[in-house]
Number of protein chains: 2
Amino acid sequence: MHTQDAPPRTRIPGPAVPRRPARLAPIPLDAAKPDPASLLGGWQELNATATIPHCVDNVERTSAIENFRRLAAAGEDGPQGTFKGPWFADSDLYKTLEAIGWEAGRSGTGRWADLLTELADLLERAQAPDGYLNTYVQGTGREPFTDLEWTHELYCAGHLIQAAVALHRGGGDERFLAIARRVADLIVRELGEDGRPLIDGHPEIETALVELYRETGEESYLRAAELQIERRGHRSLGAGRFGSQYFQDHLPVREATEAIGHSVRQLYLAAGVTDVYLENGDETLLEAMERLWDSAFGTKMYITGGHGSRHRDEAYGDPYELPPDRAYAETCASIAALQWCWRMLLATGKARYAEEMERALLNAIAASMDHTGTAFFYSNPLQLRTGHDGSHEDAPSERLPWYNCACCPPNLARLLASAGAYTATSGPDGLQLHLLTAGTFTGRNMSAAVETGYPWDGDVLVTVSGAGELAVRVPSWAEGATATVTGGRVLAEPVPGDYLRVACDDGATVRLTLPMTPRLVRADERVDAVRGCAAVLRGPIVYCVEQADLPEGVLVEQLRLDTAAPITEERTPGDLTPVRLRLSGTIQPLGTELYGPYGQAPAARTPITFTAIPYHAWANRGPGAMRVWIPTA
Amino acid sequence: MHTQDAPPRTRIPGPAVPRRPARLAPIPLDAAKPDPASLLGGWQELNATATIPHCVDNVERTSAIENFRRLAAAGEDGPQGTFKGPWFADSDLYKTLEAIGWEAGRSGTGRWADLLTELADLLERAQAPDGYLNTYVQGTGREPFTDLEWTHELYCAGHLIQAAVALHRGGGDERFLAIARRVADLIVRELGEDGRPLIDGHPEIETALVELYRETGEESYLRAAELQIERRGHRSLGAGRFGSQYFQDHLPVREATEAIGHSVRQLYLAAGVTDVYLENGDETLLEAMERLWDSAFGTKMYITGGHGSRHRDEAYGDPYELPPDRAYAETCASIAALQWCWRMLLATGKARYAEEMERALLNAIAASMDHTGTAFFYSNPLQLRTGHDGSHEDAPSERLPWYNCACCPPNLARLLASAGAYTATSGPDGLQLHLLTAGTFTGRNMSAAVETGYPWDGDVLVTVSGAGELAVRVPSWAEGATATVTGGRVLAEPVPGDYLRVACDDGATVRLTLPMTPRLVRADERVDAVRGCAAVLRGPIVYCVEQADLPEGVLVEQLRLDTAAPITEERTPGDLTPVRLRLSGTIQPLGTELYGPYGQAPAARTPITFTAIPYHAWANRGPGAMRVWIPTA
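For clarity, every value in this text was computed on a predicted model and none was experimentally measured.

A. Spotlight on the overall build of chain A. Each helix and strand in chain A was counted, giving 15 helices and 21 strands. In summary, chain A has a C-alpha radius of gyration of 24 Å against a globular reference of 26 Å for 633 residues, a match within 12%. Once the C-alpha set of chain A is aligned to its principal axes, its extents read approximately 80 × 65 × 45 Å. Relative to its 633 residues, chain A shows a buried fraction of 65%. Taking the contacts inside chain A whose residues are at least 6 apart along the sequence as the reference set, 69% of them involve residues at least 24 apart. Total accessible area computed for chain A in this model is approximately 20,700 Å², and 50% of it derives from carbon and sulfur atoms.

Quick look at the structure:
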């Protein structure tokens, strides 16, 4: 619908809004309004009504808040009682606060005003006169900044800073920003150019300091972030239990060419380095990040957008080491990957970064939350076997309400609350739509109303207000995509993996039609773990087969996919799985010998048709076997 | 050759000689004499001249001995200096001592007499008046038996007992036996029926106490072992970091049906339970062990005889979770598996147990040692990728001289020194040959001189002295095996997976001919990680392809095996790889897309013939890619 009104005024910056002009500029958080009926918009509503409250309950239940009360109430004799939870418990609270900040910006809610007041009081009282604030270090009588390979002090400080930035942007809160600035000022003084040359075992402070610089204009914060990344890679943290790559301290950031070590740490660091590039323009940093990105996304990423294939050290494996069953694919890693891609997108404007954001968001990240928004996966495997032992927290058979190491649930909350900001940007020439979803998206000079059932349907109708260039991302799988334009001129046809570009008059409509035929995908031959298998995708959605959909007596492990047979669709709009797929194949009889002669005639197979559901919806019907990669012969 | 002499008198018991008559009886250690020119005999010589001295050097270098000196020299103020190494460092020394004990029995060497005297002095001085002896607990001021889930106190005590038994059997040493008895007596008093109902997080004491009972006849040791296994499975050790299955405390031993948790602990426990069965005859224990064995060897064992597929907790995975690249397959696990199988063989007389002993010995265990006998793998993967990061001790690219956790090298030394005893048994009716190797093997009433180049050649010529029933194991892969007998009567023809049985007159000859044609093997369809691949075996030997054998520019990852093409042999007798295989196939061009459309026409492949070498000989020519399972299409 087209009106002559000026675009609405918008004002709330979302995550990672560069001060220095980048190739693309984010649009404000409240300038992106995914339709609540869309997949993304629905998740955002669920996050607001269920996930954030669940996180608040759990940071209370697990004593993450109590640790602050304890410090705040400390008298002359120091705090009473004992610190509770893991040493990085503060960050669970901070990520929850960040979610509240973005949610205030997104929806304008004041639901948590009392909590924010209480927490600001607590943090102010708990904060040391010099600005130091960490309930584990202060609460256990440790010396600040003496054991940074393990204590996560700067990691927690970074999450405090990010929370303060989000609360300031989203709700105008000044108190948390002041608390965070005192922490950052301490870091500048103590660990700055004239201070101790320390880094943290877990990157996170880098991106946080850049964000605080963006929010305050205080250049010493940017300089502190630069120092943090320049100091990395000189093995100053030692080898620890898992080697210096675990700490991301194995090679200077400009020399590292392989994504390696703890995957979340690798990806947070990469986001921070890219943030520094966005502000200081050091092209050697961007070149290094492009190389590293090719390694991570070209040789070590799961088809779901998961990262990290090893449980032992939560780490990337060797290139092409991508087992579906023991995929670690930590939820936080996919969130970090999305955040890194966002920064690379701003820096370069290249569609591939947006495509990987979409892959992660609609698959690995979406899978980490159940349909109630209150149970979560930490690890996101692509296969669960019949007979799986789900007793380990890192490989449960179903989503858990919370974790001893609870980094993921509040990380998901802060991501979803801010996710609208990742959908579109406003470049020098107009508006760019990166994550296709129904809703309205407003840039500097023009606004787009998007009507679509994507990712379930391929028709995307964009109605433009204001004149300018509209860019709509065409996914790389969308061979045969077409565009119909009224009131505009096509500058670039819809080529898969690039942007459809249209010079729009005010009121123009652009209809992009993406082919949504289900398709089979294979992995590189070197991904040994899924040899002889195909994955089924439809649009950006990865599908899986789940035991709950199979007849009695047939195991997921017995399915063999007929790759030549047509795939049909079953539609149940509004359902958790609005589009299910029906596949054809056979049932492989189970063998009895672990090892036997090669080439024996296979036992006769029975034909079967079976259902595949979106991977992100798995494990919502009780525990059971599942697989994304289906054997084809 | 046939003589009328009586069989030589023999006397030195080897490992695990039941007091209660079992289905089969071990022959003495010095009644089994593998030919030094045979594969096994050669390893035993290498062990004597290189590995045991290397272990002795390293328990000195790493302070495992120094920890005892420190305790022995302690005055009124307690020990000076600090304990060094991991909390289970004592066991490295004890396993080295056990190796020396068996080696004395095997070869009669007195090479380490001075060391034994020094160590007996040290241990006597370090041992507390009540019998307690553990340099970690005593040397760090801890209280004995208060933290058994982690301290390995009974584990170390078990290895001391096993060392003492070996030194007593092999060299007649009484001092270590007395030290060990004081430890065992303390365990009986403190942890016995009227004592504290404790168990150790790492099983090992069970089998040790049974062995000490066998050596001394002291029934309280057997009773203590029974108590240890009855106390398991009631979760008294808590969950720890990895769950109660890690401690083997998740289910009572009679109820557990799945091999699970830390694989070495699982297998040592199973050996101990079987030992208790062998002495007390409780059939419910044997039934439980048969069930557990089917789980371990039928659903969770690598084709090399490796056990344990997870690095995180050194554990068994789910059934059929057997990744070749991230195989943990700890050397100690295969040694423990062999020891368990030996006990099951004695209990039942079934060939399958001997077959799995052979598989482990000639493949996973043999691979753990280099050709110099002084470098070792702790983990024994079946695949190493191009570009592998070998910086982690648990997944190095080459064998290492020693490990921070050095359980494996001295375990290998004690196994090889005693390995002769595992080759044959003496049942009520005669002599049974289980591990086919050249040498002489003497039972109660008859002796066998075996001439063979096995496992490289399939001809096994046995010449018997004394009359009785000779049983020769026919491997399950030996379809078409034939036997020719002179001076005897065939009681059972050579059926694969069973025993050729011949009623022999004195001087009889039995020629068993095994088909040694290279063969291709496939894994159960549920072993997803090697789908579409074949392994190449010849006789009991698993083969692999190694980068060192490929032409410049061709990667191991590019090889595709033509399963219809003939396999030829290249013989270089006396070499590290006396029989190499030449395989035919093609070179798969490398792709450029991690994920792409399924079913695209494959790029044209170039034919290639390539070499496979015995898996156990890999990584003797520098680091490089390797794989056992070769893609077939």
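B. Up close: the relation of the copies chain B and chain A. Of the transformation placing chain B onto chain A, the axial shift is 0.0 Å and the rotation is 180°, giving an RMSD of 0.0 Å. With respect to symmetry, the two chain copies, as superposed, fit the operation of a two-fold axis. Within chain B, Arg312 of chain B has its C-alpha nearest the rotation axis, a separation of 1.9 Å. Both copies share a contact surface, since 100% of the interface residues of chain B are interface residues in chain A too.

C. Highlighting the packing of aromatic side chains. Residue and element names in this part refer to chain A. Enumeration over the complete set of coordinates arrives at 32 aromatic pairs over all chains. Residues Trp293 and Phe297 carry aromatic rings whose centres are separated by 4.3 Å and whose planes lie at 10° to one another, so their mutual orientation is stacked. Of this pair, Trp293 and Phe297 are both found in helix α12 (residues 283–299), four residues apart, which corresponds to roughly one turn of the helix. When sorted by exposure, Trp293 lands in the same class as Phe297, which is buried. Here the aromatic rings of Trp342 and Tyr422 are separated by 5.1 Å at their centres, their planes lie at 80°, and the arrangement is edge-to-face. Of the two residues, Trp342 sits in helix α13 (residues 331–348) while Tyr422 sits in the loop between α15 (408–418) and β4 (424–427), which places them 80 residues apart along the sequence. For Trp342, a relative accessible area of 0% corresponds to the buried category. Relative accessible area serves as the criterion here: at 3%, Tyr422 is assigned to the buried category.

D. Fine view of the interface of chain B and chain A. Residue-level contacts link 64 residues of chain B with 64 residues of chain A. Interface area for chain B against chain A, summed over the two sides, is near 5,200 Å², with a carbon-plus-sulfur share of 46%. Of all residues in chain B, Leu594, Tyr595 and Tyr598 of chain B give up the largest surface area on contact with chain A, accounting jointly for 16% of the area buried on that side. Across the contact surface, chain B and chain A share twelve salt bridges. One salt bridge in this structure joins Asp394 of chain A and Arg312 of chain B, with 2.9 Å as the shortest N-O distance. The tally of links between chain B and chain A comes to 40 residue pairs in polar contact (both at pLDDT 80 or more). Per element, the largest residue contribution to the side of chain B that touches chain A is four residues, and it comes from strand β12 (residues 519–523) of chain B. Tallied by class, the residues present in the side of chain B that touches chain A amount to 23 nonpolar, 17 polar and 24 charged. Bridge count between strand β12 (residues 519–523) of chain A and strand β18 (residues 595–597) of chain B: three bridges; the pairing is antiparallel. Its bridge partner being in β18 of chain B, Arg522 of chain A is matched across the sheet by Gly596 of chain B.

E. The arrangement of unusual backbone geometry in detail. A cis geometry characterises the amide bond from Tyr454 of chain A onward to Pro455 of chain A, with omega recorded as 10°. Here Pro455 of chain A shows up in the loop between β7 (447–452) and β8 (459–465). Notably, Ala619 of chain A is not glycine yet its phi reads approximately 60°, a positive angle. With respect to the secondary-structure elements, Ala619 of chain A resides in the loop between β19 (606–614) and β20 (626–627). With a phi angle near 60°, His152 of chain B is a residue other than glycine that sits in the positive phi range. Its place among the elements puts His152 of chain B in the loop between α6 (148–151) and α7 (153–171). Note on His152 of chain B: relative accessible area 6%, which makes it buried.

F. Quick look at the domain arrangement of chain A. Residue and element names in this part refer to chain A. Partitioning chain A into structural domains gives domain 1 (35–231 + 393–422), domain 2 (253–367), domain 3 (426–513) and domain 4 (519–631). Between the C-alpha centres of domain 1 and domain 2 there is a distance of 22 Å. Considering only the surface of domain 1 that becomes buried against domain 2, Ile229, Leu415 and Tyr422 emerge as the three largest contributors, covering 22% of it. Our count for the contact surface shared by domain 1 and domain 2 stands at three salt bridges. At the junction of domain 1 with domain 2, the criterion picks out eleven residue pairs in polar contact (both at pLDDT 80 or more).

G. Structural detail: helix α10 (residues 219–231) of chain B. Residues and elements named next belong to chain B. Across its 13 residues, α10 extends 18 Å between first and last C-alpha, which sits within 8% of the 18 Å expected from 1.5 Å per residue. Buried within α10 are the following residues: Tyr221, Leu222, Ala224, Ala225, Glu226, Leu227, Gln228, Ile229 and Arg231. Along its buried surface, α10 packs onto α7, α8 (175–191), α9 (205–216), α11 (263–280) and α12 (283–299). Looking at the residues trailing α10, positive phi occurs at Gly233, about 90°.

H. Inspection of the side chain of Gln248 of chain B at higher detail. When you line up the elements, Gln248 of chain B lands in the loop between α10 and α11. Judged by its relative accessible area of 2%, Gln248 of chain B is buried.

I. Structural detail: the pattern of salt bridges. Residues and elements named next belong to chain A. In the structure shown here, the tally under the stated rule is 98 salt bridges over all chains. A salt bridge links Arg214 to Glu279, with the shortest nitrogen-to-oxygen separation between them at 2.6 Å. Here Arg214, found in helix α9 (residues 205–216), pairs with Glu279, found in helix α11 (residues 263–280); they are 65 residues apart in sequence, far enough to count as distant. Note that Arg621 and Asp549 form a salt bridge whose closest N and O atoms lie 2.8 Å from each other. Of this pair, Arg621 sits in the loop between β19 and β20 while Asp549 sits in the loop between β14 (541–546) and β15 (559–561), placing them 72 residues apart in sequence. Owing to a relative accessible area of 21%, Asp549 belongs among the partly exposed residues under this scheme.

J. Main features of the side chain of Gln248 of chain A. Side-chain polar atoms of Gln248 of chain A contact the backbone oxygen of His262 of chain A, separated by 3.5 Å. Aside from chain neighbours lying at most four places away, what touches Gln248 of chain A is Pro203, Arg232, Gly233, Ile260, Gly261, His262, Arg265, Gln266 and Leu269 of chain A.

Cut-offs and rules
Each residue is numbered by its place in its chain's sequence as written, counting from 1. For this description, chains carry letters from A and ligands carry numbers from 1, given in the order in which they are written. Note on the predicted model: pLDDT of at least 70 is required for a residue's local features to be given, and 80 or more for side-chain atom pairs to be given and counted; whole-chain, interface and lining totals, by contrast, use all residues. Calculated side-chain values reflect all of the structure's heavy atoms, with hydrogen atoms and water omitted. Working definition: helices are DSSP H or I runs of at least four residues, strands are E runs of at least two. Numbering for both runs from the N terminus. C-alpha atoms define the radius of gyration in this analysis, and the globule rule sets the expected value at 2.2 Å times the number of residues to the power 0.38. Relative accessible area decides the class of each residue, using a 1.4 Å probe on protein chains only: under 20% of the type maximum gives buried, over 50% gives exposed, and in between gives partly exposed. Here a residue-residue contact requires only that any non-hydrogen atoms of the pair lie within 4.5 Å. Here the open area of atoms and residues is found with the Shrake-Rupley method and a 1.4 Å probe, where only the protein chains shown may cover a residue. Copies are brought into register by a least-squares superposition over C-alpha atoms of residues with pLDDT of at least 70 in both. Ring geometry is summarised as follows: Phe, Tyr and Trp rings, the Trp one being its six-membered ring, pair when their centres sit within 6.5 Å, and such pairs are stacked at plane angles under 30 degrees, edge-to-face over 60 and tilted between the two. Take the accessible area each of two parts loses on contact, using a 1.4 Å probe, and add the two losses: that sum is the buried area. For this document, the term salt bridge refers to a Lys or Arg side-chain nitrogen within 4 Å of an Asp or Glu carboxyl oxygen. Any pair of nitrogen or oxygen atoms within 3.5 Å is treated as a polar contact; in protein, a donor-acceptor pairing is required on top of that, and neighbouring residues in sequence qualify only through side-chain atoms on both sides. Three classes are used: nonpolar for Ala, Val, Leu, Ile, Met, Phe, Trp, Tyr, Cys and Pro, charged for Asp, Glu, Lys and Arg, and polar for all others, with Gly counted as polar. A strand pair is defined by DSSP finding two or more bridges across the two strands. Segment limits for the domains were obtained from an automatic or database-derived domain assignment. Expected helix span is given by 1.5 Å per residue-to-residue step, counting one fewer step than there are residues.

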